[in-house]
Structure formats: C-alpha cells, structure tokens
Amino acid sequence: MSESSRLSVLKTYKLYVGGKFPRSESGRVYEVQDHKGKWLANAPLSSRKDARDAVVAARKAFGGWSGATAYNRGQVLYRVAEMLEGRKSQFVHEVAHAEGLSKSRAAEVVEAAVDRWVWYAGWTDKIGQVVGGANPVAGPFLNLSTPEPTGVVAIVAPRESSFLGLVSVVAPVIATGNTAVVVASETAPLPALSLGEVLATSDLPGGVVNVLSGKAAEIAAPLAAHQDVNAIDLTGADASLARELEIAAADNLKRVLRPRGVDGEDFTADPGTHRLTAFLETKTVWHPTGSLGASGSSY
C-alpha cells in the first residue's frame, strides 16, 4: 500500500475531567481553525453539566492533593515538565497553528512554557517559608502563620497565549495545593486539551486539573456562581465577561484574580510570586510557651 493512498488518522480531542477523557455530555463539538481560518480539528463544546462534573472531580481530588507534602507536589510537577519535554514537537506544531507563529518561534514559546512549569515546581516547598513565619507577640506565646490552599479554583485561561499563558496560570494554582477547573482558550483550545493528555500520563492524581473547551461565557458563568468553587482567575475574560463573572463570584465570597491591565499580561516576563500567593489562605496558630523568666523557659 503506497503512502499516497493511506488515509490519515485524525485526532479526536476530548475533555479532561477527573483523570478521564469524556466527550461533552451534550455531544456537541465546534470547529477549531488556525490563524488563517483553516480547519484544524473539532473540539468538544462543553456544557454547564460538564462544568459541574469538573467541579465535583476537583473537589474530590482536593483532600489528597492539598494533604500531600509540598516536596511531593514538586516532584509531581517536575514529572509533568519531563512529559512536556518529551512531547515538545507536538506542542510546537499546535502552538504554531494556534498562534500563527513560525516553527522556530513556536519552539521558543514551548520551551519557555516547559521552563515555567519547572520554575513553579521548584516553588512548592519554598512558598510557605516566604509568606509564612513566626510573628512577634507580647506574652508567653508563639504565634505562627502558615499558608494553606484556598480549594477549587476556576481558571479562564488566556485567549491569545494558548500554551505559555495556560501553563503560567495553571501551574501556580496546583503548585500551592489547590485543584483547578480550566476553561481553555475558546479560539485555540488544542494545546490545553493536549496538556490534559500529558497530565493523565504523569503522576498527577485525576481531578487535580480538569480541562474544558468551548464558549468561555457559557462555561465560566456556572463556575463563577458555583457554591463549591472557592476562587476564580479571570485572566482570559474580556472586560464585559470579567465584570459579569466577578458579580456572580461575590455570592459565596470567592477569591477573584482580575485581569492585569487593558493590554493583557506579558507571560514572557518574570512571573514573580503573585500567582502563587493569589489562592492561598493564611492560618494563624497561637501556642502557649509557659512563663519566660531569667532562669530560662518553662513549658
């Protein structure tokens, strides 16, 4: 059989929810096109039910993931980076088509995304030392502040930066022990859906990250209003949608990370630690030390 007569095996992209790859419960798909309007693939068009299922999966995974040691989370995230490195050529192809980049420029973007993932992996067991600590108090007490994860975080991923931006918003959320429901870029969802395949073959427990594709307004609205979602990142929402989601999020006092500036965020810049601390709560513990006298401590 000659190669010219061979039929190509087209890839079927699916959602990533609870460590599995379901189709949208609605059965709907939509066409994904490249920057020139050429058809690339059909992606699942997620429904409100898919969003609710993803929250259930994220909540179920939260206890085990947040309870893991920070060092272990770092090991798991580094394993994800290893898997991304091994599938670099696939992501270069998808990013080039999604963002209209040359192959060489797309390779730079993918390498930056892998490096960004490694960078956040290194922070898992260090962020507590940066934002926590012992507080001075007047009295025979120790006052200790330690950071804890917020819970289930909904993320509206960047629309234009389909991979580097995606990694930059997802990695810090899970590095600090949260679980995530990600609404992928509506126009360029394929790198996000492929990231789900990488996560499934790494050591990341199912449900820690859940990836939905489709219309951002249709999926993000039920997530913003969901009573079991603790926080929402509005990075990929336009001004109108961001305002709508922020109002819905106020119903159960969700933490909200607003988009940064009218021109969006430069994901090639030094990320700093603001995304690591955006979805952390501070727990303060008081511990009596007994009387402290000239002869020394008494417990």
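Above: the structure in question.
> Help me get a handle on the overall build of the protein, residues and values and all.
Looking only at helices and strands, one finds 10 helices and 12 strands in the protein. Relative to the compact-globule value of 19 Å for 299 residues, the protein shows a C-alpha radius of gyration of 21 Å, a close match. Reported as C-alpha extents along the three principal axes, the dimensions of the protein are approximately 90 × 40 × 35 Å. Burial analysis of the protein (299 residues in total) assigns 45% to the buried set. The contacts in the protein between residues at least 6 apart in sequence include a share of 76% that link residues at least 24 apart. Computed over 30 positive and 31 negative side-chain charges, the inter-centroid distance for the protein is 4 Å.

> An account of the pairing of strand β1 (residues 29–33) is needed here, citing residue identities and associated values.
In this structure, β1 lies alongside strand β2 (residues 39–44), joined through 5 bridges in antiparallel fashion. By the bridge assignment for β2, valine 32 is matched with alanine 41. The hairpin turn running from β1 into β2, its antiparallel successor, is 5 residues long, and glycine 37 in that turn takes a positive phi close to 85°.

> Describe the packing of helix α3 (residues 88–99) against helix α7 (residues 190–200), listing the residues and the values that go with them.
Axis separation between α3 and α7 bottoms out at 9 Å; the angle between their running directions is 160°. Here α7 runs roughly antiparallel to α3, going by the angle between their axes. Crossing handedness for the pair α3 and α7: left-handed. Note on element contacts: α7 touches α3 through Leu190, Pro191, Ser194, Leu195, Glu197 and Val198, opposite Gln90, Phe91, Glu94 and Val95. Considered class by class, the residues forming the contact of α3 with α7 number 6 nonpolar, 2 polar and 2 charged.

> Which residues make up the pairing of strand β5 (residues 152–156), and what values do they have?
Of all 5 residues in β5, 5 are buried, a share of seventy percent or more. A two-sided burial pattern is seen for β5, the buried positions comprising Val152, Ala154 and Val156 on one face and Val153 and Ile155 on the other. Of the strand pairs in this sheet, β5 and strand β6 (residues 179–183) are connected by 5 bridges, and their pairing is parallel. Residue pairing across strands places alanine 154 opposite valine 181, the latter belonging to β6.

> Which residues make up the environment of arginine 23, and what values do they have?
Here arginine 23 is to be found in the segment before β1. According to the relative accessible area criterion, arginine 23 is exposed, its value standing at 56%.

> I'd like a description of the nonpolar core, backed by residues and values.
Side chains that are nonpolar tend, in soluble globular proteins, to be buried together. Core analysis: the biggest nonpolar cluster contains 62 residues, and Leu84, Trp117, Ile174 and Val209 have the highest contact counts within it. Per-element tally for this core: the top contributor is helix α6 (residues 164–175), with 9 residues. By size, the runner-up hydrophobic cluster in this structure holds 26 residues, among which are Ala57, Ala58, Val152 and Ala216.

> Any details on helix α1 (residues 48–67)? Residues and values, ideally.
The terminal C-alpha atoms of α1 lie 29 Å apart, and with 20 residues this matches the ideal 28 Å at 1.5 Å per residue to within 8%. Along its length, α1 shows its largest kink, about 40°, at alanine 61. Of all the residues in α1, the buried ones are Asp50, Ala51, Ala54, Val55, Ala57, Ala58, Ala61, Phe62 and Trp65.

So, how was this worked out
- Residues numbered from 1 in each chain as written.
- Predicted model: local features only at pLDDT ≥ 70, side-chain atom pairs only at ≥ 80, totals over all residues.
- Heavy atoms only, no water.
- Helix = DSSP H or I, 4+ residues; strand = E, 2+ residues; numbered from the N terminus.
- Rg over C-alpha atoms; globule rule 2.2 N^0.38 Å.
- Buried < 20%, exposed > 50% of the residue type's maximum accessible area, 1.4 Å probe, protein only.
- Contact = heavy atoms within 4.5 Å.
- Lys, Arg positive; Asp, Glu negative; His and termini not counted.
- Charge placed at Lys NZ, Arg CZ, Asp CG, Glu CD.
- Pairing = 2+ DSSP bridges.
- Axes fitted to C-alpha atoms, helices over the stretch in contact; angles between N-to-C directions.
- Parallel < 35°, antiparallel > 145°, perpendicular 65-115°, else oblique.
- Left-handed = near helix turned anticlockwise from the far one by under 90°.
- Nonpolar A, V, L, I, M, F, W, Y, C, P; charged D, E, K, R; others polar.
- Core = buried A, V, L, I, M, F, W, Y, C linked by side-chain atoms within 4.5 Å.
- Expected span 1.5 Å × (residues − 1).
- Bend = angle between axes of the 7 residues up to and from the residue.

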